[in-house]
Amino acid sequence: NFVAEGLYNDREPLTGFQLLVSWYDGNGKGTIDDYLYVGVSKILSYDPDDWEIGGALDNSQLEPRHKYWVGIDFSDDPIDISAGETFYLIAVTTDSLPDDLKDGGWWIVGGNYTTDVYDRGHCYYDNDADNNWDEMLSDGNPYGDLYFRTYTTDGGVPNQRPLVTITSSYWVATQILGMLMCISSLVMIVRYW
C-alpha cells in the first residue's frame, strides 16, 4: 500500500506536484478507514516525518470511482531540490485491500504499471510496511510509472512555465502530519475528466 516515483526535474526549485488518485467503494459496499498521505521526499521513506512536505487526503473529499489530480502548491515556499537531483513523490496508506475485492474500500494511485513510460525515474513499492522499497522490475528491467506532474519556477524555454495554481471547486486544506512544512500549502484536488 505504499508507492513512490523517483524522478528529477530540469529546473529548480520544486514548487508543486500532483498525483492522479481515486478510491473504489465496491459500488457502494465499501469504505476507507485511513487517509491517503502524499508528499515529496529526498529519500524513500513511508514516514511523513522524513518528507520535505506532505498532506493527508480523506476519502470523503472525493467521489468514489472518479479520478482526481491531487497535489500540493508550495510556490510561496519552494523546496530546495536542485535540477537533476533525484527526489520521490510518495503515496502511502495503512488501509489494505479487502479479502473480497467486490467489497471495495481501497485507494488507487494512477499509473502505468506495465510499461516504463518515464525513463528518467522508476516506480517503487513497499507492501510489507518495513520501509524496504522494491523497484518494479520485470526480467531485471524497470517498468511502470506513476501518473504525476511536477512544477518548478520559470526558466529554460520561454512560455513553458506550468501553472501551479488551479481554479477549482475541489480545494482542500492540507492537514499537518507533525513534520516541518509550509503552513500556507494547500492540497489541490482537481477532477480529472
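The coordinates are above.
Residues numbered from 1 in each chain as written. Predicted model: local features only at pLDDT ≥ 70, side-chain atom pairs only at ≥ 80, totals over all residues. Heavy atoms only, no water.

Novice: What's the story with the nonpolar core in this structure? I'm lost.
Specialist: Buried together is how nonpolar side chains tend to be arranged in soluble globular proteins. Counting 30 residues, the largest nonpolar core has F17, L19, V21, V40, F74 and L89 as its most contacted members. At the level of secondary structure, the elements contributing two or more residues to this core comprise β1 (2-7), β2 (14-24), β3 (36-41), β4 (53-57), β5 (67-73), β6 (87-92) and β7 (106-109). Top element by residues in this core is β2. It accounts for five residues. Excluding its chain neighbours within four sequence positions, the residues that come into contact with V40 are L14, F17, W51, E52, I53, F74, I79, I81, F87, Y88 and L89. Core analysis: the second largest hydrophobic core is formed by 10 residues, F2, Y37, Y88 and Y124 among them. (Core = buried A, V, L, I, M, F, W, Y, C linked by side-chain atoms within 4.5 Å. Buried < 20%, exposed > 50% of the residue type's maximum accessible area, 1.4 Å probe, protein only. Helix = DSSP H or I, 4+ residues; strand = E, 2+ residues; numbered from the N terminus. Contact = heavy atoms within 4.5 Å.)

Novice: Any chance you could explain the packing of aromatic side chains here in plain terms?
Specialist: What characterises a pair of aromatic rings is the spacing of the ring centres plus the angle enclosed by the ring planes. Tallied over the entire structure, the rule returns six aromatic pairs. Geometrically, the ring pair formed by F2 and W133 is tilted, given 6.5 Å between the ring centres and 40 degrees between the ring planes. With a gap of 131 residues between them, F2 in strand β1 and W133 in the loop between β9 (123-125) and β10 (134-135) connect regions that are remote in the sequence. For the pair F2 and W133, one class covers both residues: buried. (Phe/Tyr/Trp six-rings, centres within 6.5 Å; stacked < 30°, edge-to-face > 60°.)

Novice: Is there a simple way to think about the side chain of T152 in this case?
Specialist: Here T152 lies in strand β14 (residues 148-152). Among the polar contacts made by the side chain of T152, one reaches the side chain of R11 at a distance of 3.2 Å. (Polar contact = N/O pair within 3.5 Å; in protein donor to acceptor, adjacent residues only side chain to side chain.)

Novice: What is the right way to read the pattern of salt bridges from this model?
Specialist: In a structure, side chains of opposite charge can pair up when their charged atoms sit close to one another. Summed over all chains, the structure comprises three salt bridges. The shortest N-O distance in the salt bridge between D10 and R120 comes to 3.2 Å. With D10 in the loop between β1 and β2 and R120 in the loop between β8 (111-112) and β9, this pair connects stretches of sequence that are 110 residues apart. Given the relative accessible area of 30%, R120 is considered partly exposed. We note a salt bridge from K42 to E85, for which the minimum N-O separation is 3.9 Å. In this pair, K42 is assigned in the loop between β3 and β4 and E85 in the loop between β5 and β6, connecting sequence segments 43 residues apart. The class of K42 is partly exposed, set by a relative accessible area of 33%. (Salt bridge = Lys/Arg side-chain N within 4 Å of Asp/Glu carboxyl O.)

Novice: In this structure, what is going on with the sheet that holds β6? I would like to understand it.
Specialist: The strands that make up a sheet are held in pairs by hydrogen bonds between backbone atoms, and each pair lies either parallel or antiparallel. The sheet built from six strands is open, its strands ordered β4-β3-β6-β1-β9-β10 with antiparallel pairing. Looking at which strands have only one partner, the edges of the open sheet turn out to be β4 and β10. With five bridges connecting them, β3 and β6 associate as antiparallel partners. Along β6, the bridge assignment pairs V40 with L89. (Pairing = 2+ DSSP bridges.)

Novice: Got a minute to help me understand unusual backbone geometry in this structure?
Specialist: Excluding glycine, most residues fall at negative phi; most peptide bonds, likewise, are trans. Following E12, the chain continues into P13 via a peptide bond in cis, with omega recorded as -10 degrees. One non-glycine residue, N27, adopts positive backbone phi at about 55 degrees. Summarising the element assignment, N27 is placed in the loop between β2 and β3. By relative accessible area, N27 is classed as exposed at 54%. One non-glycine residue, N131, lies in positive phi territory at about 65 degrees.

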